[in-house]
Amino acid sequence: MSHTRHFASDNYSGVCPEAWAAMAEANRDHEVSYGDDHWTQRASDALRAVFETDCEVFFVFNGTSANSLSLASLCQSYHSVLCHDLAHIETAECGAPEFFSNGSKILTLPGDNGKVRPDTVENAVRRRSDIHYPKPGALSLTQVTEVGTVYTPAEIAALTETARQCGLRVHMDGARFANAVATLGVAPADITWRAGVDVLCFGGSKNGMALGEAVVFFNRDLARDFDYRCKQGGQLASKMRFLSAPWLGMLKDGAWLRHARHTNAMAQRLAAGLRPIPGVAISYPVQSNSVFARLPGTTGRQMNDLGWKFYTGVITPDESRLMCSWDTTPEDVDQFVADLKRLV
Ligand SMILES: *Cc1c(COP(=O)(O)O)cnc(C)c1O
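(A) Region of the structure containing the packing of helix α6 (residues 118-126) against helix α7 (residues 153-166). Their axes nearest at 9 Å, the elements α6 and α7 cross at an angle of 15°. Considering their axes alone, α6 and α7 lie roughly parallel with respect to each other. With respect to the hand of their crossing, α6 and α7 are arranged in right-handed fashion. Here Pro118, Val121, Glu122, Val125 and Arg126 of α6 come into contact with α7, specifically with Ala158, Leu159, Thr162, Gln165 and Cys166.

So, in structure tokens, the structure goes:
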């Protein structure tokens, strides 16, 4: 049988109705270009309302540019960026953060469940203070992490406190920020600026938009000339309203959180279905919209042969990554589990 939805990535999904409707609404008549339109103004205001602060907002096409350009704003070329070994900025952005910052070096840190710890951050800063070491300038946290875990507010507070003591600015890669907020049930402000985060790359694509991420500067000084960086980096959309209007649809009536909660619930359902199957081992705590699991024997490949698309070997060679998205249904999950059970 062939499946119409898969567990390969949350970016396999289409556009959710709220984002689609906002695009359609923005598609009437003419509008001012390059971000000087009222959709972009209103979407920025909506983000300021969600974060309860007067932050500076920019809309870019994707996460790689959001991360790279914002890190370039936090660092000089002689600085380094501390992040987890598995961080997307290190493993999946083709060197863009280094490129756009003219050479700021990424220094990776180990840590269980995809998380960095205050002691390893502090050690990376304190172990060298000489002129030959790339001066630590920023700490980058991924929330949700690359293995689907979520930093608690206390963990974020401890890390940002260490960053403050060490003179590091704090960047948050929030490609799945919505899923983290849904899991934690906190005010978005509490795990960002109130905790000392300087800039957040807030993911739209994986939350149900066609494309686009919002770069949210809580520290407005760091946003100076960011519009020029975006333009030079090929990230200034001339028809900006189509990047910004979907945010209005997502933020109105909490659609972004509704989708994230649903997505997280589908991952919980999937984990609950997989756990009792003999030979299945779930690798990390399931705290957002992904389940990483070892599937017994050759059943992973057999599932692929049945038409299920998902990745194996993203983190370790024999681990499969199963991602739920806003349009994953309980029936999709149950069918996947039933198919695997049959093979085992
Ligand atoms: C998907 C993702 C991004 C953004 O990737 P793009 O393909 O550049 O949009 C950034 N960080 C993390 C952790 C991601 O999973």
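From this point, things continue past the structure.
(B) Expanded view of the sheet that holds strand β6 (residues 199-203). Here seven strands make up an open sheet; going across it, the order is β1-β7-β6-β5-β4-β2-β3 and the pairing mixed. With partners counted over all chains shown, the strands left at the sheet margins are β1 (56-60) and β3 (105-109), one partner each. Averaged over neighbouring strand pairs, the angle between their axes works out to 20° when direction is ignored. As defined by bridge partners, strand β5 (residues 169-174) adjoins β6 across four bridges and the pair is classed as parallel. The residue bridging Gly174 from the neighbouring strand is Phe202, located in β6. Helix α10 (residues 241-251) rests against β1, β6 and β7 (213-217) of the sheet, and its axis sits at about 115° to β1.

(C) Summary view of the nonpolar core. Ranked by internal contacts, the top residues of the largest apolar core, which has 56 residues, are Phe51 and Phe202. Top element by residues in this core is α10. It accounts for seven residues. The residues that make up this core include at least three from each of domain 1 (17-252) and domain 2 (255-343). For Phe51, the contacting residues outside a window of four places in its chain are Phe177, Pro188, Ala189, Thr192, Trp193, Leu200, Phe202, Val216 and Phe218.

(D) Local environment of the packing of aromatic side chains. Per the counting criterion, the structure on display carries 16 aromatic pairs. A ring pair is formed by Phe7 and Trp308, whose centres lie 5.8 Å apart and whose planes are at 40°; its orientation type is tilted. Taken together, the positions of Phe7 in the segment before α1 (17-26) and Trp308 in the loop between α12 (299-305) and β10 (311-312) put the pair 301 residues apart, joining distant regions of the chain. Taken together through their ring pairs, the aromatic side chains of Phe51, Phe59, Phe177, Phe202, Phe218, Trp247 and Trp256 make up a single cluster.

(E) Expanded view of the pairing of β7. Most of β7 is tucked away, with five of its five residues classed as buried. Going residue by residue along β7, you find Glu213, Val215 and Phe217 tucked away on one face and Ala214 and Val216 tucked away on the opposite face as well. The pairing of β1 with β7 spans five bridges and is classified as antiparallel. Residue pairing in the sheet places Phe58 in a bridge with Val215 of β7. Across five bridges, the pairing between β6 and β7 is antiparallel. Looking at the pairing, Leu200 lines up with Val216 of β7.

(F) Expanded view of the domain arrangement of the chain. Considered domain by domain, the chain is made up of domain 1 (17-252) and domain 2 (255-343). A C-alpha centroid distance of 27 Å is found between domain 1 and domain 2. Across the boundary between the two partners, domain 1 contributes 25 residues, which contact 20 residues of domain 2. Interface area, domain 1 with domain 2, both sides summed: about 1,800 Å², of which 59% is carbon and sulfur. Connecting domain 1 to domain 2 are one salt bridge. The interface formed by domain 1 and domain 2 includes eleven residue pairs in polar contact (both at pLDDT 80 or more). Of all the elements in the fold, those that place two or more residues in the side of domain 1 that touches domain 2 are α1, α8 (177-184) and α10. When its residues are assigned to classes, the side of domain 1 that touches domain 2 shows 13 nonpolar, eight polar and four charged.

Rules of the game
Residues numbered from 1 in each chain as written. Predicted model: local features only at pLDDT ≥ 70, side-chain atom pairs only at ≥ 80, totals over all residues. Heavy atoms only, no water. Axes fitted to C-alpha atoms, helices over the stretch in contact; angles between N-to-C directions. Helix = DSSP H or I, 4+ residues; strand = E, 2+ residues; numbered from the N terminus. Parallel < 35°, antiparallel > 145°, perpendicular 65-115°, else oblique. Left-handed = near helix turned anticlockwise from the far one by under 90°. Contact = heavy atoms within 4.5 Å. Pairing = 2+ DSSP bridges. Core = buried A, V, L, I, M, F, W, Y, C linked by side-chain atoms within 4.5 Å. Buried < 20%, exposed > 50% of the residue type's maximum accessible area, 1.4 Å probe, protein only. Domains from an automatic or database assignment. Phe/Tyr/Trp six-rings, centres within 6.5 Å; stacked < 30°, edge-to-face > 60°. Buried area = accessible area lost by both parts, 1.4 Å probe. Salt bridge = Lys/Arg side-chain N within 4 Å of Asp/Glu carboxyl O. Polar contact = N/O pair within 3.5 Å; in protein donor to acceptor, adjacent residues only side chain to side chain. Nonpolar A, V, L, I, M, F, W, Y, C, P; charged D, E, K, R; others polar.

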